[in-house]
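A closer look at the structure
What follows is the residue order along each chain.
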Amino acid sequence: NHFHWHLTEDQGWRVEIEKYPKLTTIGSTRKDTKINHNTGEFEETGKMYGPFFYTKNEIRDVVAYAQKRYIEIIPEIDLPGHMLAAIASYPELGCTGGPYEIAVKRGVYDDVLCIGKEQTFNFVKDVLSEIIELFPYEYVHIGGDECPKVRWKACSHCQQKAKELNLNADKYHSVEDQLQSYFISRIEKFLNSKGKQIIGWDEIL
């Protein structure tokens, strides 16, 4: 009995993080929402949608409710793609510096976390540290799927990091693919140090 709870996306950040309040003051609101993802129609053009997010106390209530029913909750913080809500809140976490806008449609977006900046890792560790305090279980889902590499290819920070790590393309993987593996491995080691195991989508392999 497991409940996989996807708490972040390009279209909104849905969990309170005390160290980064803009994630919910900015990241949990978007300027519009579609009536149906298969149409081009919006509910009301120009009307702000949100803020919608779970407070820490609300999450604790859900965890307690689930525990009584022998259900473990696996939180997902999707990294390093699907992060538009986060980088719209903190533009310095992206490769270009913005401006960024929270997505109003489904899809995969080019703007993702910048792997070449150490502050990105500090941000992720801070967020995950608050997340694991809320979920007393073994697993944390870190996503890892659908992460375009176009920004990393043009980013001086990311390319410098690749040089520092001596990353080279091979027959199967680009330099940017290997940058993502480096990112995932660092986050895995951090979570392991906290007694947690990672789950991710197949792209992390």
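Residues numbered from 1 in each chain as written. Predicted model: local features only at pLDDT ≥ 70, side-chain atom pairs only at ≥ 80, totals over all residues. Heavy atoms only, no water.

**Thoughts on the overall build of the protein chain**
The helix and strand inventory of the protein chain stands at 7 helices and 6 strands. Shown N-terminal to C-terminal, the secondary structure of the protein chain runs as helices and strands in the order β-β-β-α-α-β-α-α-β-α-α-α-β. By the compact-globule yardstick of 17 Å for 205 residues, the protein chain fits well, its C-alpha radius of gyration being 17 Å. Projected onto its principal axes, the C-alpha positions of the protein chain cover 50 × 45 × 30 Å. Looking at the protein chain as a whole, 47% of its 205 residues are labelled buried. Considering only intrachain contacts with a sequence separation of at least 6, the fraction spanning at least 24 residues in the protein chain is 72%. (Helix = DSSP H or I, 4+ residues; strand = E, 2+ residues; numbered from the N terminus. Rg over C-alpha atoms; globule rule 2.2 N^0.38 Å. Buried < 20%, exposed > 50% of the residue type's maximum accessible area, 1.4 Å probe, protein only. Contact = heavy atoms within 4.5 Å.)

**A look at the nonpolar core**
Ranked by size, the top nonpolar core spans 56 residues in total, and within it Trp13, Ile77 and Phe135 carry the most contacts. Elements with a minimum of two residues in this core: helix H2 (56–68), strand S4 (72–79), helix H3 (84–89), helix H4 (118–134), strand S5 (139–143), helix H6 (156–164) and helix H7 (175–193). (Core = buried A, V, L, I, M, F, W, Y, C linked by side-chain atoms within 4.5 Å.)

**Description of the packing of H6 against H7**
The angle between the axes and the distance between the axes are what describe a pair of packed helices. Where H6 contacts H7, the axes come no closer than 10 Å and their chain directions differ by 80°. Judged by the angle between their axes, H6 and H7 are roughly perpendicular. Along its contact with H6, which presents Cys158, Gln159, Lys161 and Ala162, the element H7 presents Val175, Glu176, Leu179 and Tyr182. Each residue belonging to the contact of H6 with H7 can be placed in one class, and the counts come to 5 nonpolar, 1 polar and 2 charged. (Axes fitted to C-alpha atoms, helices over the stretch in contact; angles between N-to-C directions. Parallel < 35°, antiparallel > 145°, perpendicular 65-115°, else oblique. Nonpolar A, V, L, I, M, F, W, Y, C, P; charged D, E, K, R; others polar.)

**Points about the sheet that holds S5**
Adjacent strands of a sheet pair through backbone hydrogen bonds, lying either parallel or antiparallel. With respect to topology, 4 strands assemble into an open sheet ordered S1-S4-S5-S6, the strand pairing being parallel. Across the chains shown, the open sheet's two edge strands, defined by having one partner strand only, are strand S1 (2–6) and strand S6 (197–199). Sheet twist, expressed as the average angle between the axes of neighbouring strands with direction ignored, equals 30°. Judged from the 3 bridges that link them, S5 and S6 form a sheet pairing that is parallel. Counterpart to Val140 in the pairing with S6 is Ile198. (Pairing = 2+ DSSP bridges.)

**Structural notes on the layout of surface pockets**
Reported here for the second largest pocket is a volume of approximately 190 Å³. Along the wall of the second largest pocket there are 14 residues; nearest its centre are Asp177, Gln180, Ser181, Glu203 and Leu205. Of the residues in the lining of the second largest pocket, the class split is 4 nonpolar, 5 polar and 5 charged. (1 Å grid on protein atoms, 1.4 Å probe; cavity = no way out; pocket = protein on both sides within 12 Å on 5 of 7 lines; lining within 4 Å. Points joined across faces, edges and corners; volume = space filled by probe spheres on them.)

**Here's the deal with the side chain of Lys117**
The residue Lys117 is located in the loop between H3 and H4 in this model. No salt bridge is formed by the buried Lys117, whose closest oppositely charged neighbour, Glu92, lies at an N-O distance of 7.6 Å. Setting aside residues no more than four positions away along its own chain, Lys117 makes contact with Glu92, Gly94 and His157. (Lys, Arg positive; Asp, Glu negative; His and termini not counted. Salt bridge = Lys/Arg side-chain N within 4 Å of Asp/Glu carboxyl O.)

**Let's talk about H4**
If you check H4, its first and last C-alpha atoms are 25 Å apart, about what 17 residues at 1.5 Å a residue would give, namely 24 Å. Within the span of H4, buried status applies to Thr120, Phe121, Phe123, Val124, Asp126, Val127, Leu128, Glu130, Ile131, Ile132 and Leu134. (Expected span 1.5 Å × (residues − 1).)

**Observations concerning the environment of Phe121**
By the element assignment, Phe121 lies in helix H4. The spacing of Phe121 and Asp177 is 56 residues in sequence and 17 Å in space, taken between C-alpha atoms. If we skip the residues at most four places from it in the chain, Phe121 touches Ile115, Tyr182, Phe183, Arg186 and Ile187.

**A few points about the pairing of S4**
Counting buried positions along S4 gives 7 out of 8 residues, so the element sits mostly inside the fold. With 5 bridges joining them, S1 and S4 adopt parallel strand pairing. If you follow Phe3 over to S4, its bridge partner there is Ile73. Across 2 bridges, the pairing between S4 and S5 is parallel. From the neighbouring strand, Glu76 faces S5, where its bridge partner is His141.

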